Amino acid sequence: MSKIIVSGLKPSGELHIGNYLGAIKQLVELQKKDYKRFYFIADYHALTTKYDPKEKREQIFNMAVDALASGIDPKKSIIFLQSDVPAHNNLAWLLGTVTSSGQLNRMIEYKEKVQAGHVPNAGLLNYPILMAADILIYDANFVPVGEDQRQHLELTRDIAETFNGRFGKTFQLPNALHNETSRVMSLSDPTKKMSKTMPNGCLFLSDPPKVVEKKIMSAQTDSQTSISFDPKKRPGVSNLLSIYSSISGKSTEKLVKEFEGKGYAGFKKSLAKEMVAFLKPLQTKRKKLLKDRRGVMKILEAGAKKANPIAEKKLAEVKKRAGLI
Ligand code: TYM
């Protein structure tokens, strides 16, 4: 039987190069292999911090457009909206009964969000339970995600083990799949991960060439003049090297040799040029999809039609185990 891959994208803004290199690149590459793939827009997850409903609707649509433009292919993967498959939430309730509040309180993402001033609503606290349900409902073997989701994946395994321990083997234990750029750092502060909350240091897939050039040319580096790869001591230049390597296919060693003695300006200019060329086909596809709202929604509806019976079947099995039917 084919192995199962599950991953989600939260529509809380547009996709950026961190999302792309940390997760989407893998999601696209995995389409070449004999796996069963469930890729979804995690719209319920995007409601845990304050939002405007009109804006949210657009973000959800934009996220679907970005995912398709990046190469997620509905002929190869089941792509859908999380809220169109209610079994995710039904399972989340059951999983919540085997998860302690202490486990949830320890989640770094939750603590960071609260520290940043977001209202600690129950949805924000329970977020990782829904994420566990997203994964366990399909019996996922692998979950391609960036490094920031590692703790949520560990909790998912813990929840599955607790449930299995109490009610008998019900869930497959999923493994996170991280690639070499599983933590892309902010261009304006390379000690922090790239995130839409710091837009100046965040390279969006939709950024026009001028903006790409500006963000890369003003990326924070250090006072040295040579180029070398050392993420601990030289996070800025190492982050740029990783990004460059990932979009060009050249190793960081090769890039260091290529830019030996050339200084930061030449290196950044070259990276900006490579990035603009890399984003161009994606942006062309994106523009076309943005005009075809109906077509994009149809793809998501068709995806949910495929995901629903699979998720419902698993939910029925879990309910039986839990003594409900
Ligand atoms: P989200 O939407 O924040 O991010 C989508 C994917 O991008 C990765 N990512 C990064 N990778 C490298 N460097 C960065 N700076 C960077 N920023 C983001 C994330 O790790 C993620 O893989 N909770 C998830 C969405 C989700 C999910 C799921 C994922 C909901 N249910 C089930 C997998 C399986 C999230 O907020 O990702």
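Scroll up a little and you will see the structure.
Notes on the structure in this doc start here. All figures in this text were calculated on a predicted structure; none of them were measured in a lab.

Quick notes on the rules
- Residue positions are given per chain, counting from 1 as you read along its sequence in written order.
- Side-chain atom pairs in this predicted model are given and counted only at pLDDT of 80 or more, local residue features only at pLDDT of at least 70, and totals for whole chains, interfaces and linings cover all residues.
- Only hydrogens and water are set aside when side-chain values are computed; all heavy atoms of the structure are taken into account.
- Secondary structure is summarised from DSSP: a helix means a run of H or I of at least four residues, a strand means a run of E of at least two, and numbering begins at the N terminus for each.
- Radius of gyration means the value over C-alpha atoms here, while the globule rule gives 2.2 Å times the residue count to the 0.38 power.
- A 1.4 Å probe rolled over the protein chains alone gives each residue an accessible area, and that area as a share of the maximum for its type sets the label: buried under 20%, exposed over 50%, partly exposed in between.
- Note on contacts: a residue pair qualifies if any of its non-hydrogen atoms lie within 4.5 Å across the two residues.
- A 1.4 Å probe and the Shrake-Rupley method give the accessible areas. Residues count as covered only by the protein chains that appear here.
- Here a residue is near a molecule or strand as soon as one of its heavy atoms is found within 4 Å of it.
- Between N or O atoms, a polar contact is any pair within 3.5 Å; within protein, one atom must be a potential hydrogen donor and the other a potential acceptor, and residues adjacent in sequence are included only when both atoms are from side chains.
- In the scheme used here, Gly and all other residues not listed as nonpolar or charged are polar, with Ala, Val, Leu, Ile, Met, Phe, Trp, Tyr, Cys and Pro taken as nonpolar and Asp, Glu, Lys and Arg as charged.
- Exposure above 30% relative accessible area and the absence of a salt bridge qualify a residue for a patch, where like charges join within 9 Å and nonpolar side chains (Val, Leu, Ile, Met, Phe, Trp, Tyr) within 5 Å.
- Every case where a carboxyl oxygen of Asp or Glu lies within 4 Å of a side-chain nitrogen of Lys or Arg is listed as a salt bridge.
- A pair of strands is considered paired only if DSSP assigns at least 2 bridges between the two.
- Whether a crossover is right-handed comes down to one check: with the strands pointing away from the viewer, does the path from the first strand over the helix to the second run clockwise; if it does, it is right-handed.
- Two rings from Phe, Tyr or Trp (for Trp, the six-membered ring) form a pair when their centres are within 6.5 Å of each other. A pair whose planes differ by under 30 degrees is stacked, one over 60 is edge-to-face, and the rest are tilted.
- To sit over a ring, a charge needs its Lys NZ or Arg CZ within 6 Å of the ring centre and within 35 degrees of the ring normal.

### Overview of the overall build of the protein chain
Each helix and strand counted, the protein chain has 12 helices and five strands in total. Relative to a compact globule of 325 residues, whose C-alpha radius of gyration would be 20 Å, the protein chain shows 21 Å and is just as compact. Once the C-alpha set of the protein chain is aligned to its principal axes, its extents read approximately 70 × 45 × 40 Å. Taking all 325 residues of the protein chain together, the buried fraction comes to 49%. Counting only contacts in the protein chain whose residues sit at least 6 apart along the sequence, the fraction spanning at least 24 positions is 76%. Accessible surface for the protein chain amounts to roughly 16000 Å². Of this, 54% is attributable to carbon and sulfur atoms.

### Some details on the site of the ligand
In the vicinity of the ligand, 26 residues are found, and the nearest of them are Lys10, Tyr127, Asp134, Asp148 and Val184. Interatomic distance of 2.7 Å between a side-chain N/O atom of Tyr127 and a nitrogen atom of the ligand. When the ligand is considered free in solution it has 720 Å² of accessible area, and contact with the protein chains removes 97% of it. Among the elements of the structure, strand S1 (3-9), helix H1 (17-29) and helix H6 (122-136) are those that each provide at least two residues to the shell around the ligand. Class assignment of the residues belonging to the shell around the ligand gives a composition of 11 nonpolar, 11 polar and four charged.

### Quick look at a nonpolar patch on the surface
On the surface, a cluster of nonpolar side chains totalling about 260 Å² of accessible area is made up of Tyr44, Leu47 and Tyr51. Within the secondary structure layout, Leu47 lies in the loop between strand S2 (35-41) and helix H2 (53-69). Look at Leu47 and you get partly exposed, because its relative accessible area is 33%.

### Quick look at the environment of Gln103
In this structure, Gln103 sits in helix H4 (residues 101-105). According to the relative accessible area criterion, Gln103 is buried, its value standing at 17%. Each C-alpha atom of the pair Gln103 and Leu125 lies 10.0 Å from the other, and the pair is 22 residues apart in sequence. Within the local environment of Gln103, its side chain forms a polar contact with the backbone nitrogen of Ser100, the two atoms lying 2.9 Å apart.

### Side note on the pairing of S2
Most of S2 sits inside the fold, with five of its seven residues counted as buried. With seven bridges joining them, S1 and S2 adopt parallel strand pairing. When the bridges of S2 are listed, Gly8 appears paired with Phe40. Between the parallel pair S1 and S2, the chain is carried across by H1, and the sense of this crossover is right-handed. Note that S2 and strand S3 (residues 78-81) share four bridges and pair parallel. Directly across from Phe38, in S3, lies its bridge partner Ile78.

### Details of the packing of aromatic side chains
Tallied over the entire structure, the rule returns 10 aromatic pairs. Ring plane angle 50° and centroid distance 5.8 Å describe the contact between Tyr244 and Phe259, whose orientation is recorded as tilted. One end of the pair, Tyr244, is in helix H9 (residues 235-248); the other, Phe259, is in the loop between helix H10 (252-258) and helix H11 (263-290), with 15 residues separating them in the sequence. For the pair Tyr244 and Phe259, a shared accessibility class is recorded, and that class is buried. Here the basic side chain of Lys262 rests over the ring of Phe259, its NZ or CZ set 5.7 Å away from the ring centre. A cation sits over an aromatic face here: Arg293 above Phe61, 4.3 Å from the ring centre.

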